[in-house]
Amino acid sequence: MILEQYYIECLSHASYLIGDESTGRAVVVDPRRDIGEYLDDAAKYGLAIEGVINTHFHADFVSGHLELVDATGAWVGFGEAADTDYPIRRLSDGEHITLGDVDLEIISTPGHTWESISVLVRERPDAEPAAVLTGDSLFIGDVGRPDLVNIGDSSTGDLAQAMYHTIHDKLMRLPDSVTVMPAHGAGSSCGKNLSTELTSTIGEQRRTNPSVQPMTEAAFVELVTAGQPAAPSYFAVDAAMNKRVHPLLDRARHIPEMTSAQLRAARDAGVRVVDSRSVDDFSVAHLRGSVNVGFDGRFAETGGMVAEVGEKIALVTYPGEEQDAAMRLARIGSDNAIGYFTVDRGEAFPAELADLVRQAPRVSVEELDRLLDEDAVTLIDIRNPGERDLGAIPGSIPVPLAQMRTRMNEIRTDRPIVVHCAGGWRSSVAASLLRAQGFEQVSDLAGGYNAWAAAHETV
């Protein structure tokens, strides 16, 4: 048996290639749009990809099933509750897919969505199961949230109840030795307490995962519906895209370099300028109206928070990062990066753009304390609810980053605004987004809540 995991940090997303060496038959589970790795590894192992299984309709990225169908002619499988406008193989609970000796058993695991399934993997039909690909049902350290994509007239509570039975009646009844291989890891908005570990076992999760411990259904529902991170608005767009035929990713796509004049013209025409340089370099100098989404963080997901899917984007990057940045945006369906402009680390913009260059003000903890004492500032906390539950700066107003674009009208504009997150990366995103939307006197807190909490520790 061949079982490969492909993990991308930018989306905390895991996908899988499962193959049988004796027959050369294989399937891919939960693929992303840039399918080159799957095709390359299939060729390396002498495998033919004959099927694509999506454990559910993903919301945080555009799945690569259509690209794999185009490249290989594979069938596409979903759980029985799935509704699409392209042909699919409906996979029912208890169904077996045989690749040769390797056997895949479908387990219906609703809760994250109604069509959610898991894939139980055996090296031979009569062998003990070796692994279970759990999609967004069981994570390492948590379970999937039930409030992203409700289907029909169902509610978050209905899905949470279904998840309770998925966890306790199905997945936790598997042998302790079975390897757990989920579709997402730490940082994903598909859950709230995901581990940095990429695999685990049923036994280890039984011992350490708070969400799978014995409890009543009511207690479980309360646990999994509270404190979830705010969902970016593009999630609904991507979930809908994954249900219908949409344009394929151009694997040969190469976005062009822009001149200073072209970048200026694009910016003046309303093209969203996304600056992927570090927070420090952006703070020292950036183009007026640009939004800082650092390439060193959750670039794809955060890019989907600051620009609509389909919106034209011009990228400002460090040399060598431009094509990867465009690809990361394409993974969430944002295919309209029109070009890039590079600036070396620590270097200035060229003189012909000097009239557009601005600095991004940042305040220290001491400065913030003074402003708060004088009641002279609006302080916005852009962390997620679960983070804020662990501690907050008195007087701060919660507006999670994922909701910033839709809740700007709630923010007072009659005095300076300070934005803060946990450490300073997300606050640079939010502050630059506010300034790009016309807000004045916006700064962010250097070091974020962590720096404030450290300064206010009592011994």
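Refer to the structure printed above.
The shown structure was predicted, so the numbers you read here are calculated from the model rather than taken from an experiment.

Q: Kindly report on the overall build of the protein chain, identifying the contributing residues and their values.
A: Along the backbone of the protein chain there are 14 helices and 23 strands. Against the compact-globule benchmark of 23 Å for 459 residues, the protein chain has a radius of gyration of 23 Å, which places it among compact chains. Along the three orthogonal principal directions, the C-alpha set of the protein chain runs to about 70 × 55 × 40 Å. When each of the 459 residues of the protein chain is scored for burial, the buried share is 56%. A separation of at least 24 residues holds for 68% of the contacts in the protein chain among residues at least 6 apart in sequence. Computing the positive centroid from 39 side-chain charges and the negative centroid from 69, the protein chain places the two 4 Å apart.

Q: Pulling in residues and values, what's your account of the nonpolar core?
A: Across soluble globular proteins, nonpolar side chains show a tendency to be buried alongside one another. Phe 299, Leu 315, Met 404 and Leu 434 are the most contacted members of the largest nonpolar core, which totals 49 residues. Ranked by residues supplied to this core, first place goes to helix H13 (residues 425-436) with five residues. With residues near it in sequence (within four places) discarded, Leu 434 still touches Met 404, Met 408, Ile 411, Ile 417, Val 419, Phe 439 and Val 442. Core analysis: the next-biggest nonpolar cluster, separate from the first, contains 20 residues, Val 132, Ala 160, Met 172 and Val 180 among them.

Q: Talk me through the side chain of Ser 63; I want residue IDs and the actual numbers.
A: One can find Ser 63 in the loop between strand E4 (48-53) and helix H2 (65-72). With residues up to four places along the chain from it excluded, the contact list for Ser 63 reads Pro 31, Arg 32, Arg 33, Asn 54, His 58, Asn 242 and His 246.

Q: Pulling in residues and values, what's your account of the sheet that holds strand E1 (residues 2-8)?
A: What the six strands build is an open sheet, ordered E1-E2-E3-E4-E5-E6; its pairing is mixed. If you trace the sheet from one side to the other, it starts and ends with E1 and strand E6 (89-91), each paired once. When strand polarity is set aside, the average angle formed by the axes of neighbouring strands in this sheet is 25°. As judged from the three bridges shared by E4 and strand E5 (residues 75-79), these two strands associate in the parallel manner.

Q: Requested: an account of the layout of surface pockets, with residues and values cited.
A: The calculated volume of the largest pocket comes to roughly 640 Å³. Along the walls of the largest pocket sit 29 residues, with Gly 187, Pro 229, Asn 384, Glu 387 and Arg 426 positioned nearest its centre. Counting only elements with at least two residues in the lining of the largest pocket, the list comes to helix H9 (299-306), helix H12 (385-388) and H13. At three residues, H9 tops the list of elements feeding residues into the lining of the largest pocket. For the lining of the largest pocket, the per-class residue count stands at 13 nonpolar, eleven polar and five charged.

Q: Any details on the environment of Glu 308? Residues and values, ideally.
A: Counting through the fold element by element, Glu 308 comes out in the loop between H9 and strand E16 (313-317). A relative accessible area of 40% means that Glu 308 is categorised as partly exposed. Setting aside anything within four residues of it in sequence, one finds Glu 308 in contact with Ser 334 and Arg 405.

Q: I'd love a proper account of the sheet that holds strand E8 (residues 103-108), names of residues and values included.
A: The strand order across the open sheet built from six strands is E7-E8-E9-E10-E11-E12, with neighbouring strands paired in mixed fashion. Looking at strand neighbours, the two that pair on one side only are strand E7 (96-98) and strand E12 (200-201), the edges of this open sheet.

Q: Can you explain the pattern of salt bridges? Please cite residues and give values.
A: Tallied over the entire structure, the rule returns 32 salt bridges. In this structure, Asp 176 and Arg 206 form a salt bridge, with 2.7 Å as the shortest nitrogen-oxygen distance. Here Arg 206 lies in helix H4 (residues 202-208) and Asp 176 lies in the loop between helix H3 (156-170) and strand E11 (179-182), a separation of 30 residues in the sequence. For Asp 176, a relative accessible area of 41% corresponds to the partly exposed category. Exposure remark for Arg 206: the relative accessible area of 31% places this residue in the partly exposed category. In this structure, a network of salt bridges that share partners links the residues Arg 32, Asp 34, Glu 37 and Arg 331.

Q: With reference to specific residues and values, describe empty space enclosed by the protein.
A: If you walk through the whole model with that rule in mind, you get two cavities of 30 Å³ or more. When its volume is computed, the largest cavity comes out at roughly 50 Å³. Contributing to the lining of the largest cavity are Gln 5, Tyr 7, Ala 14, Phe 139, Ile 140, Pro 182, His 184, Gly 185, Leu 194, Ser 195, Glu 197 and Leu 198. In terms of residue class, the lining of the largest cavity is built from seven nonpolar, four polar and one charged. In terms of lining residues, the second largest cavity is bounded by Val 279, Ser 283, Ala 360, Arg 362, Ser 428, Ala 431, Arg 435 and Asp 444.

Q: Residues and numbers for the pairing of strand E22 (residues 417-420), please.
A: Side-chain alternation along E22 places Ile 417 and Val 419 on one buried face and Val 418 and His 420 on a second face that is also buried. Where strand E20 (residues 378-381) meets E22, four bridges bridge the pair, whose relative direction is parallel. When the bridges of E22 are listed, Ile 380 appears paired with Val 419. Two elements, E22 and strand E23 (residues 442-445), share three bridges in a ladder whose sense is parallel. When the bridges of E23 are listed, Val 418 appears paired with Ser 443. Between E22 and its parallel partner E23, the chain crosses via H13, and the hand of that crossover is right-handed.

What counts and what doesn't
- Residues numbered from 1 in each chain as written.
- Predicted model: local features only at pLDDT ≥ 70, side-chain atom pairs only at ≥ 80, totals over all residues.
- Heavy atoms only, no water.
- Helix = DSSP H or I, 4+ residues; strand = E, 2+ residues; numbered from the N terminus.
- Rg over C-alpha atoms; globule rule 2.2 N^0.38 Å.
- Buried < 20%, exposed > 50% of the residue type's maximum accessible area, 1.4 Å probe, protein only.
- Contact = heavy atoms within 4.5 Å.
- Lys, Arg positive; Asp, Glu negative; His and termini not counted.
- Charge placed at Lys NZ, Arg CZ, Asp CG, Glu CD.
- Core = buried A, V, L, I, M, F, W, Y, C linked by side-chain atoms within 4.5 Å.
- Pairing = 2+ DSSP bridges.
- Axes fitted to C-alpha atoms, helices over the stretch in contact; angles between N-to-C directions.
- 1 Å grid on protein atoms, 1.4 Å probe; cavity = no way out; pocket = protein on both sides within 12 Å on 5 of 7 lines; lining within 4 Å.
- Points joined across faces, edges and corners; volume = space filled by probe spheres on them.
- Nonpolar A, V, L, I, M, F, W, Y, C, P; charged D, E, K, R; others polar.
- Salt bridge = Lys/Arg side-chain N within 4 Å of Asp/Glu carboxyl O.
- Right-handed = clockwise from strand over helix to strand, strands pointing away.

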